[in-house]
Amino acid sequence: MSELTISTTQNVAINFKAASVGERMSASMLDFFIKVAYCIVVIYFFFNLLGFSKLLDSVDMWSRMAVIIIFFFPVMIYSVTLESIFEGQTIGKKLLKIKVVKIEGYQASFGDYLIRWLFRIIENNMLGGLIGLVAMIVNDKTRRMGDIAAGTAVITLKNNVTIDNTILEEIGDAYQPVYPLVIKLSDNDMRIIKETFLIAEKNGDLETIQKLSNKIQSVTGIKMQTTNQIAFIKTILKDYNFYTQNM
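Because the structure is predicted, anything quoted here is derived from the model rather than measured.

Caption draft 1: Quick peek at the pattern of salt bridges. Across all of its chains, the model carries nine salt bridges by this definition. For the salt bridge of Arg 144 with Glu 123, the shortest nitrogen-to-oxygen distance reads 2.4 Å. Separated by 21 residues along the polypeptide, Arg 144 in the loop between helix H7 (130-138) and helix H8 (145-150) and Glu 123 in helix H6 (residues 110-125) bring together distant segments of the chain. Across the pair Lys 211 and Glu 207 runs a salt bridge whose closest N-O atoms are separated by 3.4 Å. Taken together, the positions of Lys 211 and Glu 207, both in helix H10 (residues 206-220) and four residues apart, correspond to about one turn of that helix. Comparing Lys 211 with Glu 207 shows no difference in burial state: the two are exposed. Through salt bridges that share partners, Arg 24, Glu 83, Lys 93, Arg 116, Arg 120 and Asp 147 make up one connected network.

If you want it as structure tokens, here you go:
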């Protein structure tokens, strides 16, 4: 399994494991079965039980095509829609615990998912999907053409990590949060903050800690209630966990 290094906006290198070709194909197969199941339900319910097939026989070809497109449009936009909603995951990817991420360390945007979707149309439909498969096999990070064009990669979330490698913080039941505005940040923001903070604290890099503290305040509007910036960032991490675990 290839290792993928992502440089965050704070110039911190974070190592992930690139999802294997097998994992990506398995996720695609699961998504395919879900789309097939949807088509079967639509055909059985609307066209058989409700008699839409007879209605289609009575209209012209263009109207017939329009009705078919409307019914099966969710299948067409399945991947781009779910990846946008679930931040880089379809149902198949969730089950296989893999995810689309941006190489630069940002959360991938709708535009990135759209580019991947458009390229998938080409990769999956030309030569029976062979183009996409070959692209993943020859690329050392198993990136297909759509990933390269969008600047994304698919990583596995199955890494054996400790609590220090995640955004999770141990907080007791009696913990009292200090900064409610911390909820303006995302999980991806908190992961970057924690990674940057832990490295800076370990190296005694007070300048980076100060910049990180200032950035948190400018983005969220939080006013630091202490002169100890290390304590401030630790509180931010705990507060985020408190609010996200109790919402």
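So much for the structure itself; the text now carries on.
Caption draft 2: Structural detail: the side chain of Asp 112. As for its placement among the helices and strands, Asp 112 is situated in helix H6. A distance of 2.8 Å separates a polar atom in the side chain of Asp 112 from a polar atom in the side chain of Lys 102. Excluding anything up to four places from it in sequence, Asp 112 contacts Lys 102, Ala 150 and Thr 152.

Caption draft 3: Spatial organisation of the confidence of the model for the protein. Per-residue pLDDT for the protein has a mean of 81; in total, 80% of the residues score no lower than 70. Ranking the helices and strands of the protein by mean pLDDT puts helix H5 (residues 91-96) first, with 94, and strand S1 (residues 3-7) last, with 56.

Caption draft 4: The nonpolar core, seen in detail. With 16 residues, the main nonpolar core has Met 190, Ile 193, Ile 216, Phe 232, Ile 233 and Ile 236 as its most contacted residues. Those elements that provide at least two residues to this core are helix H9 (187-203), H10 and helix H11 (229-245). Of all the elements, H11 adds the most residues to this core, at five residues. Ignoring any residue separated from it by four or fewer positions in sequence, one finds Phe 232 in contact with Tyr 179, Ser 213, Ile 216, Gln 217, Ile 222, Met 224 and Thr 226. Core analysis: the second largest hydrophobic core is formed by ten residues, Val 80, Leu 96, Val 100 and Ala 108 among them.

Analysis parameters
Residues numbered from 1 in each chain as written. Predicted model: local features only at pLDDT ≥ 70, side-chain atom pairs only at ≥ 80, totals over all residues. Heavy atoms only, no water. Salt bridge = Lys/Arg side-chain N within 4 Å of Asp/Glu carboxyl O. Helix = DSSP H or I, 4+ residues; strand = E, 2+ residues; numbered from the N terminus. Buried < 20%, exposed > 50% of the residue type's maximum accessible area, 1.4 Å probe, protein only. Polar contact = N/O pair within 3.5 Å; in protein donor to acceptor, adjacent residues only side chain to side chain. Contact = heavy atoms within 4.5 Å. pLDDT = per-residue confidence, 0-100. Core = buried A, V, L, I, M, F, W, Y, C linked by side-chain atoms within 4.5 Å.

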